[in-house]
Each structure stands twice: as C-alpha cells, then as structure tokens.
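# A look at the structure
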Amino acid sequence: MAETKEKIFVYGTLKKGKQFNYLLNKAKFIGNAETVERYSLYFDGIPYLVKSDEVSHVKGEVYELDSELLKMIDEFEEHPNYYVREMVKVKLTDGEVVSVWAYFFHEKRGKLIDSGEY
C-alpha cells in the first residue's frame, strides 16, 4: 500500500533559511505560496498565525511529506496543545490552489506583521 502524502504550509521558523528548516530535509519542497483567506501573523520571538483578524494573505512555503514526518512536525509544533493544525487553502506562485495543513495559534501574541511575511 502506498504511503499517503500530506502537504503543509510553513510561514515561520520551518521556512528555507530559517533555524528549523532542517526538520523538513526529507520533505519535498512544492513551492512558495500565500493563504487564500486573510489571517493575521504576529511575532513574539516566533511567529503566530491567528484567525482573529483578516489582515493579510500570509506568505510561506508548501512541502509534501509522509505521515511519519507530519507526526514529528506535530510534536515540534506541540499540536494540539500549543499550535493547532488545520486545513487551509493556499495559492502557489503558479496560481494553483491547494489544500494544506497549517499551524494556528489560539490568540494574538506579540507584534502584528502587517505584510503577512515572516
């Protein structure tokens, strides 16, 4: 039986060039993307994606990974006790819209990033 592949949207410390991107070494980079819906992105030492205000289309990257790696990323993000993983739609740079997992925080924390890009 083939392994199910999942897609995640990362917007902070898991992005290329950031300190925890190495955790996605075994994932396949799909491309840059931004959320279809508007959300708010806050920063307080680390970025927080929040649903409360429709400030901007949040920019990030999409990766494809297997269920084992997704479970490890869930542990890293402390899902569901800190961040909560939810399905959202993002638009890739080529215009394709895909459904992906993203990690949300339950409240505003820190300084708002108006641009939606960490």
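Residues numbered from 1 in each chain as written. Predicted model: local features only at pLDDT ≥ 70, side-chain atom pairs only at ≥ 80, totals over all residues. Heavy atoms only, no water.

## Quick notes on the pairing of strand β2 (residues 28-35)
Side-chain positions along a regular strand alternate between the two faces of the sheet. Heads up, the condition is: We call two strands paired when DSSP finds no fewer than two bridges between them. Note on conventions: DSSP H or I runs of at least 4 residues are helices, E runs of at least 2 residues are strands, and numbering of each starts at the N terminus.
Judged from the six bridges that link them, β2 and strand β5 (residues 59-66) form a sheet pairing that is antiparallel. Residue pairing across strands places Phe29 opposite Tyr63, the latter belonging to β5. Summarising the sheet, β2 and strand β6 (residues 84-92) pair through three bridges and their orientation is antiparallel. The residue of β6 that forms the bridge with Thr35 is Val90.

## A few points about the pattern of salt bridges
For clarity, the threshold we go by: In the sections that follow, a salt bridge refers to a side-chain nitrogen of Lys or Arg positioned within 4 Å of a carboxyl oxygen of Asp or Glu. Only protein chains enter the accessibility calculation, which uses a 1.4 Å probe. A residue is then buried if its area is under 20% of the maximum for its type, exposed if over 50%, and partly exposed in between.
In total, this model carries six salt bridges according to the counting rule given. For the salt bridge of Glu34 with Lys59, the shortest nitrogen-to-oxygen distance reads 4.0 Å. Taken together, the residues span a long stretch of sequence, with Glu34 in strand β2 and Lys59 in strand β5 at a distance of 25 residues. Between Lys108 and Asp53 there is a salt bridge whose closest N-O contact spans 2.8 Å. Of this pair, Lys108 sits in the loop between β7 (97-104) and β8 (111-112) while Asp53 sits in the loop between β4 (47-50) and β5, and the two are 55 residues apart along the sequence. The exposure class assigned to Lys108 is partly exposed, which follows from its relative accessible area of 46%. For Asp53, a relative accessible area of 27% corresponds to the partly exposed category.

## Describing unusual backbone geometry
Cis geometry marks the peptide bond from His79 to Pro80, where omega comes out at 5 degrees. Its place among the elements puts Pro80 in the loop between α1 (67-76) and β6. Positive phi, normally seen in glycine, also occurs at Glu78, with a value near 55 degrees. Mapped onto the fold, Glu78 is located in the loop between α1 and β6.

## Overview of the sheet that holds strand β3 (residues 40-43)
Strand order in the open sheet formed by three strands is β4-β3-β8, with antiparallel pairing between adjacent strands. Of all strands in the sheet, those bounded by a partner on one side alone are β4 and β8. Where β3 and β4 come together, four bridges link them in antiparallel fashion. Paired with Leu41 across the two strands is Leu49, which belongs to β4.

## Concerning the environment of Lys28
Condition: The contact definition used throughout considers only heavy atoms, calling two residues in contact when any of these lie within 4.5 Å.
Looking at where Lys28 falls in the secondary structure, it is placed in strand β2. Sequence separation between Lys28 and Arg85 is 57 residues; the distance between their C-alpha atoms is 19 Å. Those residues in contact with Lys28 that lie beyond four places of it in its chain are Val62, Tyr63 and Glu64.

## Regarding the environment of Ile73
Along the chain, Ile73 turns up in helix α1. Along the sequence, Ile73 and Glu34 sit 39 residues apart, while their C-alpha atoms lie 20 Å from each other. Excluding residues within four positions of it along the chain, Ile73 makes contact with Ile8, Leu14, Leu23, Leu24 and Tyr103.

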